[in-house]
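Fold and contact review
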Amino acid sequence: MFIALIAILLLVPTGFAGYISISLTTEDVLINNNSGITKIKMQNLGNEAAFNVVLSILSEDFESDTISVGTLNPNDPKELNISLSPKEGLLPGSYSVGILVQYEDANGYRFSSVSPNRITYKTYTISDAYGLIESLNLSEKGSLRIRIRNAGEKEHNIRIRLYTPNELVASEKEKYILIRPKEDKEIAFSIFNYGGLLGSSYVVFASLDYWNDLHYSGIARGMISIQKKDYSFFFIGLALVLLSIFVIINIKFKKRLTDSQLLQGKSKNDKASLYD
Amino acid sequence: MNTDTKLENGINIIVLISIFLFLSSYFTPDLILSKTITTGGDTASHYYPALYLKEYLLPNGKIIGWCPGNYAGFPIFQFYFPLPFLLIVFLSYVIPLQIAFKLITILGIFLLPVTALFSMKIMGFKFPLPAFAAIFTLVFLFHQGNSMWGGNIPSTLAGEFSFSISLALTVLFFGTLYKGIEEKKYLLTNSFLLFLIILTHVYTFLLICVVSVFFLLSKTKTKQSFYYLFKMYLLAFLLSAFWSLPLILKLPFTTAYNFVWVIESIKVVFPDIFLPFLAISILGFLFSIKAKEKRVWFLSFSILGAFILYLIASKIGVVDIRFFPFIQLMPMFLAAYGLWYLIKRFKGKWILVLAVLILTILWVNHNVTYIHDWIKWNYEGFENKHLWSTFSDVNEFLKGNASDPRVVYEHSDFHNSAGTIRAFESLPLFSGRSTLEGLYMQSTVSSPFVFYIQSEISKQISCPLPGYSCSPFNLARGIEHLKMFNVKHIIAISDKLKQALRESDEVTLVKTIEPYEIWEIRDAPSNYVKVLDYEPILVKTRNWKNLSYEWFKIYGDDGPYLVFENKISDRERRLFKVIEDKPNLNNLQKIGIRDNCSVSEEFGIEEIRIKTNCIGKPHLIKVSYYPNWAVEGADKIYLVSPSFMLIFPNQENVRIYYKAVWYDTLGNILSIIGFLILFYFCFRSLTLNQKITRLLKR
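As the structure is a computational prediction, the values presented were derived from the model and not from experiment. (Residues numbered from 1 in each chain as written. Chains lettered and ligands numbered in written order. Predicted model: local features only at pLDDT ≥ 70, side-chain atom pairs only at ≥ 80, totals over all residues. Heavy atoms only, no water.)

**What about the overall build of chain B?**
When helices and strands are counted, chain B shows 26 helices and 17 strands. On C-alpha atoms alone, chain B measures out to a radius of gyration of 28 Å, which is about the 26 Å that the 2.2 N^0.38 rule sets for 698 residues. With respect to the principal axes defined by its C-alpha atoms, chain B has extents near 90 × 55 × 45 Å. Considering chain B as a whole, with its 698 residues, one finds that 63% of them fall into the buried category. (Helix = DSSP H or I, 4+ residues; strand = E, 2+ residues; numbered from the N terminus. Rg over C-alpha atoms; globule rule 2.2 N^0.38 Å. Buried < 20%, exposed > 50% of the residue type's maximum accessible area, 1.4 Å probe, protein only.)

Shown next as structure tokens:
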């Protein structure tokens, strides 16, 4: 074998380019007594493992334990049961809770995600409140808009409670809005990016609750994408201005450089900076 | 200097400053100027060699030497490029080594636009082509098509900063070479540049060799060009001979790595970021045909040359995809020409340059996703990783020096949390102890065995060497091999290995630092020198590597060991009790050696002193074989399986030491001659210039 001058090292870089995508499948939970079980199926749809996975329930209305799942390898689903206990004095009806998943990637960076889950406590109710969260491109801070519709026949004072992953923080966790029958209203939350990764998208949702003798809850879902601060419009504008000036100059002074002018330029530019 | 030239120079400066500021918005001063040890990919493992060069090699008057820290010892900087590390060390006399290291790792990135501009200017391209060339290098630098091929920022972050510097120098060299051959000048400059390129990477040097053929294709100037190239290559070789001559002659003591990369689609080669510029580059090439622009043909020829090298790479023992960066970068210069050609007759071109600068930066920025995160990951350093305190504690517990037995660690992605999967390759840096794996796996003949051991004791393996199969998990065999390599401690991370260690009665858990467990091999020899248990078997062969690898799969520390020789002398026939041409590995002859030997050792970096009462008996030295090792107190050093040294002492006190061999000395002499030639002609031309200047003044 002809071994040339080389054979010298190829470094085999080990920087990763994988991704983690945790999918949760849940069943709606019915609690008739003091506690119930929510069954959760977790699966990592990415191509690298998620480490130190921890599951917890976000709710002001129910108590539950935090579950440590450990490592979630790609395509290795796990099934978990989380028990939920209603707090004292809870009204019967439908509720929305958040399932918070926290994990680390191979680099030790921490990530989190939230998913909604519906719980029926003693009595199933259907909510008149429906909502939609407008997708938001976020760099450092932004305004998350939620459009809510009251499809019922009565006016409702709706509590909007926002659920976000740990990387995104809302200035207020909940707001109230009064919506007349068949009316739409929009409400906004200020959102701050506290560690969301550039290029990542995060699911957020809001529970839309109102109550009288029974509790009613709807869910609005949306997505927040983390993007760089965008000064591009300014610079695109600047570039267009410059291009315009260039075009105007050449239209105004229609005479182009002749060959001789080009050649003259050659001798002036032809100054080498290195000498023997 | 007239107004136009001042304006053009001013715009060029604005372009370079803007590019510098844009690059600095990614490589922010708070990261680059922080006194932390860089992590990320292979980069982290380059830091220790820089420190080693500063603290051991240079104070001992050498650039190339022996490093016991990895692979049972290897010749550091013989088979990797010393120039960037010399720059790091020289800079570290002014600023902390950690910061010097960071600055040199990004030097190539910041240098490429500068050398592109000056290269085009030197070739005689008119404004604003050189500015366009500088701007369009950003497209190449920021493309995220791969992180292993070299030249772009992801590759540089992954550890290929030496190639990055070499590429920038090569771009400059193309300009000076073209000008030099056309106008019969710059011979010394080109020779010196080529010398710098040789000392920064060999793939760039290979491309230059092929591209030089362009000048031999001329109908009229072939002979002149040939003489010019001959003198240039000769002087560059002389200058670099202290490194390149021994490198060539010691290639048999390396491990080949000719990996063939499968490219699945053209998009991998030219991701979207390139597309607008590729279109202009095609136009540029067509314009060059119309204009008979030889300079552009020269640049285009380099693309062809790189492609030819890609095709023949595996046949010449190199990695094919390492030539693709040239195929990606050179079209950017063709695009610069294409754009220049389109606007050459227009006025106010400087305004267009600024617009192109802004639009290119916006385009590049729009196409970047993970580079920011990678830069932060690398340059925040080991010390800011969430596993740092655990990693430090493990190293602190194992603290020692090179004379202590080695430490092995289980290969795992988990170590990435400490900064890089390769974090424990830096055990010599953080703990002082030697380990097995390392970065420069081609630099030694021991690397196949090291990775075989890795596969025996790791749940997740890398098995990186083509042509060398690895083992399924087998802790028992692995422990035998660890004893062979004088390893005493095992760092375990996976449940699989931990469970296997618990079930083994050959090891003891000595420390738990969650999630790591450190285990000690109970009856590990703890010596680098031992008398063999069985008579070694002398094998006459030229192809010892494969035989030794197959032997290693079967045998452990007890042996019997194989000794490899090309020719067997009469003395060796008397010395070795067993001699075979084709040993049956499944049934090697075992002749026991008396075991009441007393052997003591003083193990230094480049010296091992042995005191033994078993004169005439085979002593195994568990250090990688290399021709620079010499011996006093024995006739010769033999190459013994797996890749170690064997001696037969003829006296009680034996000294094995690392010294220059004849071609090291010859290389040094040639380099001195080269530098003398360089200085002489530099001095002569300066003196001549002074005389001419005086004449003109009269």
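**Some thoughts on the state of the cysteines**
Residue and element names in this part refer to chain B. Using the criterion set out here, one finds two disulfides over all chains in the structure. Each sulfur in the disulfide pair C463 and C470 lies 2.0 Å from the other. One quick way to see it: the torsion about the S-S bond of C463 and C470 is about 100°, and its sign makes the bridge right-handed. You can call C463 partly exposed: its relative accessible area is 26%. Looking at chain B, its bonded cysteines, counted consecutively from the start of the sequence, adopt the pairing 1-2, 3-4. (Disulfide = S-S within 2.5 Å.)

**Focus: the confidence of the model for chain A**
For any part of a model where pLDDT is low, the fine detail of the predicted coordinates should not be relied upon. Of the residues in chain A, 84% reach a pLDDT of 70 or more, and the chain-wide mean stands at 83. Per-residue pLDDT stays below 50 along residues 266-276 of chain A; that stretch engages in 25 contacts with residues further than four places along the chain or on separate chains. (pLDDT = per-residue confidence, 0-100. Contact = heavy atoms within 4.5 Å.)

**Some points on the environment of B:L23**
Residues and elements named next belong to chain B. As for its position among the elements, L23 is in helix α1 (residues 3-26). Residue L23 is classed as buried on the basis of its relative accessible area, which comes to 0%. Between the C-alpha atoms of L23 and F110, which are 87 residues apart in sequence, the distance is 7.3 Å.

**Considerations on the environment of B:S302**
Residue and element names in this part refer to chain B. Here S302 lies in helix α15 (residues 294-312). With a relative accessible area of 1%, S302 lands in the buried category. Measuring from C-alpha to C-alpha, the distance between S302 and C682 comes to 30 Å, with 380 residues separating the pair along the chain. Excluding anything up to four places from it in sequence, S302 contacts F174, L207, V211 and M330.

**Re the side chain of B:R433**
In this fold, B:R433 is placed in the loop between α20 (427-430) and α21 (447-457). Among buried charged residues, B:R433 stands out as having no salt bridge; its nearest opposite-charge side chain is B:D404, 4.5 Å away. (Lys, Arg positive; Asp, Glu negative; His and termini not counted. Salt bridge = Lys/Arg side-chain N within 4 Å of Asp/Glu carboxyl O.)

**Remarks on the pattern of salt bridges**
All names here are of chain B. Counted according to the given criterion, the structure contains 39 salt bridges over all chains. D523 serves as the salt-bridge partner of K483, at 3.2 Å between the closest nitrogen and oxygen. In this pair, K483 sits in helix α22 (residues 475-484) while D523 sits in the loop between β6 (516-521) and β7 (529-531), placing the two residues 40 residues apart along the sequence. Overall, the relative accessible area of 51% leaves D523 in the exposed class. Look at the salt bridges and you will find they share partners, linking E480, K483, E506 and D523 into a network.

**Things to note about unusual backbone geometry**
Residues and elements named next belong to chain B. The omega angle of the peptide bond from F127 to P128 is 5°, so this bond is cis rather than trans. By the element assignment, P128 lies in the loop between α6 (107-122) and α7 (129-142). The linkage connecting G559 with the following residue, P560, adopts the cis geometry, with an omega of 10°. At Y71, a position not held by glycine, the phi torsion is positive, near 60°. As for its position among the elements, Y71 is in the loop between β1 (65-67) and β2 (74-76). Judged by relative accessible area, Y71 falls into the buried class, the value being 1%.

**With respect to the sheet that holds strand β4 (residues 487-492) of chain B**
In sheet architecture, strand pairing relies on hydrogen bonds along the backbone and comes in two forms, parallel and antiparallel. Residue and element names in this part refer to chain B. Reading across the sheet, the four strands line up as β3-β4-β6-β5 and stay open at both edges, with mixed pairing between neighbours. Single-partner strands in this sheet number two, and they are β3 (406-409) and β5 (507-513). The mean inter-strand angle of the sheet, taken between neighbouring strand axes irrespective of direction, is 25°. Pairing geometry for β3 and β4, over four bridges, is parallel. Looking across to β4, one finds that Y409 is bridged to I491. Contacting β4, β5 and β6, helix α19 (residues 388-397) crosses the sheet at an angle of about 140° to β5. (Pairing = 2+ DSSP bridges. Axes fitted to C-alpha atoms, helices over the stretch in contact; angles between N-to-C directions.)

**Describing the environment of B:F85**
All names here are of chain B. Examined against the element boundaries, F85 turns out to sit in helix α4 (residues 83-92). Measuring from C-alpha to C-alpha, the distance between F85 and I197 comes to 14 Å, with 112 residues separating the pair along the chain. Not counting chain neighbours up to four residues away, the residues in contact with F85 comprise H46, P49, A50, L53, F77, Y80, F161 and Y440.

**A few points about a positive patch on the surface**
Residue and element names in this part refer to chain B. A cluster of basic side chains, namely K540, R542, K567 and R573, defines a positive patch on the protein surface. Residue position: R573 is located in helix α25 (residues 570-575). For R573, a relative accessible area of 46% corresponds to the partly exposed category. (Patch = residues over 30% accessible without salt bridge, like charges linked within 9 Å, V, L, I, M, F, W, Y side chains within 5 Å. Areas by Shrake-Rupley, 256 points an atom, 1.4 Å probe, with all protein chains shown as cover. Charge placed at Lys NZ, Arg CZ, Asp CG, Glu CD.)

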